[in-house]
Amino acid sequence: MLLHQSTWIEIGQFLERSRTVVIPIGSNEQHGPTGLLGTDWMCPEIIAHHAQKNADILIGPTFNIGMAQHHLGFAGTISLRPSTFIAAIGDWVHSLAGHGFEKILFLNGHGGNIASIEAAFSQLYAEASFARRPAGFALKLVNWWDLEGVSALAHKQFPTGHGSHATPSEIAVTQWAYPEAIKSAAYSPQIAGSGPIREALDFRARFPDGRMGSDPGLATPEKGGELVALAAKGLAQAVDTFSREQNPS
Ligand code: NI
């Protein structure tokens, strides 16, 4: 079930049978010469939207702007500051918790978001801790590549040239969902170099075409479809486990 395609009446009915909601979360940032700017929010969205076709789970709107300051040297990238991102996650959680959602699972598509999502969770829990009251909700961060079996499959599909940014696995997922948007380019070198992540100008100088350690030319829509099918199954499982988790009080 998709929240944005539901009415408030339908969400009220859903709350009678489940208190769990999934929020796909990512980033809008350059993904090399052939990767779509939306890759990091599209991947969790594609997986979550696929998962809800075969499971009674609720998927919220995609939180699609994240921690991308280091990619701002490339056109089309949009970033929040960590403080804005953390505050916005807080407002999303308070909105959903106010309606009665007790388990909020963020399905993440961008490694650079992890630290700030965890900081947002700490901030939200701290509000309850300092007030000596229960939070009333539990939060969970799951990266789509950490869903059951997914990184093993990606490793098997792409034994070399996977890298860490503009990876063939994430590009394959978007190719499967949006075949009309597949791009091609000649890569030089075929597998990009690796290095540290700092500010935008440093990043652009270190990684001139935007890739990090990857060969996106290995991506195919078929491989993307295999990843989506496995990840969607893993997400349904993760939602089920999280939903069953007992509250101590
Ligand atoms: Ni990415």
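Everything below is about the structure printed above this text.
Residues numbered from 1 in each chain as written. Predicted model: local features only at pLDDT ≥ 70, side-chain atom pairs only at ≥ 80, totals over all residues. Heavy atoms only, no water.

**Student:** So what exactly am I meant to see when it comes to the overall build of the protein here?
**Tutor:** When its secondary structure is counted, the protein shows eight helices and three strands. Going residue by residue from the N terminus, the α and β elements of the protein occur as α-β-α-α-β-α-β-α-α-α-α. For 249 residues, the compact-globule formula gives about 18 Å, and the C-alpha radius of gyration of the protein, at 18 Å, lands near that figure. Of all 249 residues assigned to the protein, the portion counted as buried reaches 50%. Across the protein, every contact between residues at least 6 apart in sequence was considered, and the portion connecting residues at least 24 apart equals 75%. Carbon and sulfur atoms provide 55% of the accessible area of the protein, an area that totals close to 11800 Å². Between the averaged position of the 17 positive side-chain charges in the protein and that of its 22 negative side-chain charges there is a distance of 3 Å. (Helix = DSSP H or I, 4+ residues; strand = E, 2+ residues; numbered from the N terminus. Rg over C-alpha atoms; globule rule 2.2 N^0.38 Å. Buried < 20%, exposed > 50% of the residue type's maximum accessible area, 1.4 Å probe, protein only. Contact = heavy atoms within 4.5 Å. Areas by Shrake-Rupley, 256 points an atom, 1.4 Å probe, with all protein chains shown as cover. Lys, Arg positive; Asp, Glu negative; His and termini not counted. Charge placed at Lys NZ, Arg CZ, Asp CG, Glu CD.)

**Student:** Honestly, the coordination of the nickel ion in this entry has me stumped. Any pointers?
**Tutor:** Four donors placed tetrahedrally around a metal ideally meet at 109.5 degrees, and six donors placed octahedrally ideally meet at 90 or 180 degrees. Protein coordination at the nickel ion comes from His 31 (NE2), Asp 40 (OD), Glu 170 (OE) and Glu 170 (OE), with a distance range of 1.9 to 2.8 Å. If you look at the nickel ion, its four donor atoms make angles of 51 to 135° with each other, and the shape they trace is irregular. (Donors = N, O, S within 2.8 Å, 3.2 Å for Na, K, Ca; no water. Tetrahedral: all angles 85-135°; square planar, octahedral: opposite > 155°, others 65-115°.)

**Student:** I keep staring at helix α3 (residues 82-98) and nothing clicks. Help me out?
**Tutor:** Note that an α-helix has 3.6 residues per turn; residues three or four places apart therefore point the same way. Counted at 1.5 Å a residue, the expected span for α3 with its 17 residues is 24 Å, and the 24 Å between its end C-alpha atoms agrees. Within α3 the residues assigned to the buried category are Phe 85, Ile 86, Ile 89, Gly 90, Val 93 and Leu 96. Buried residues of α3, seen end-on, are gathered within an arc of 140° and therefore sit on one face of the element. Facing away from the buried side of α3, by more than 90 degrees, are the exposed residues Ser 83, Asp 91 and Gly 98. Considering only its buried residues, α3 is in contact with β1 (20-25), β2 (103-108), α4 (114-130) and β3 (138-143). Positive backbone phi, approximately 115°, marks Gly 100, located one or two places after α3. (Expected span 1.5 Å × (residues − 1). Arc of directions from axis to C-beta.)

**Student:** Could you clarify how one ought to interpret helix α8 (residues 221-244) in this entry?
**Tutor:** With 24 residues, α8 ought to run about 34 Å at 1.5 Å a step, and its terminal C-alpha atoms sit 34 Å apart, in line with that. For α8, the elements touching its buried residues are β1, α2 (39-51), β2, β3, α5 (150-157) and α6 (168-177).

**Student:** Which parts of the structure should I look at to understand the pairing of β1?
**Tutor:** In the case of a regular strand, side chains alternate between the two sheet surfaces. Counting buried residues in β1 gives six out of six residues, a clear majority hidden from the surface. Both faces of β1 are covered, namely the face carrying Thr 20, Val 22 and Pro 24 and the face carrying Val 21, Ile 23 and Ile 25.

**Student:** Sorry, what's going on with the packing of aromatic side chains here?
**Tutor:** Here the distance between the centres and the angle between the planes together describe a pair of aromatic rings. A complete count under the given rule lists seven aromatic pairs for this structure. The ring of Phe 242 has Lys 140 sitting right over it, with the charged end atom 5.9 Å from the ring centre. Above the face of the Phe 74 ring, Arg 204 is positioned so that its terminal group lies 4.5 Å from the ring centre. (Phe/Tyr/Trp six-rings, centres within 6.5 Å; stacked < 30°, edge-to-face > 60°. Lys NZ or Arg CZ within 6 Å of the ring centre and 35° of its normal.)

**Student:** Before we go on, may I ask you to explain the nonpolar core in this structure?
**Tutor:** Across soluble globular proteins, nonpolar side chains have a tendency to be buried as a group. Ranked by size, the top nonpolar core spans 31 residues in total, and within it Val 22, Leu 105, Leu 107, Trp 144, Leu 147, Val 173 and Leu 235 carry the most contacts. Counting only elements with at least two residues in this core, the list comes to α2, β2, β3, α5 and α8. Here this core takes eight residues from α8, the largest share from any one element. Those residues within four positions of Leu 107 in sequence are excluded, and the remaining contacts are Val 22, Ile 23, Pro 24, Ile 25, Pro 44, Ile 47, Ala 48, Val 142, Asn 143, Trp 144, Leu 147 and Leu 235. (Core = buried A, V, L, I, M, F, W, Y, C linked by side-chain atoms within 4.5 Å.)

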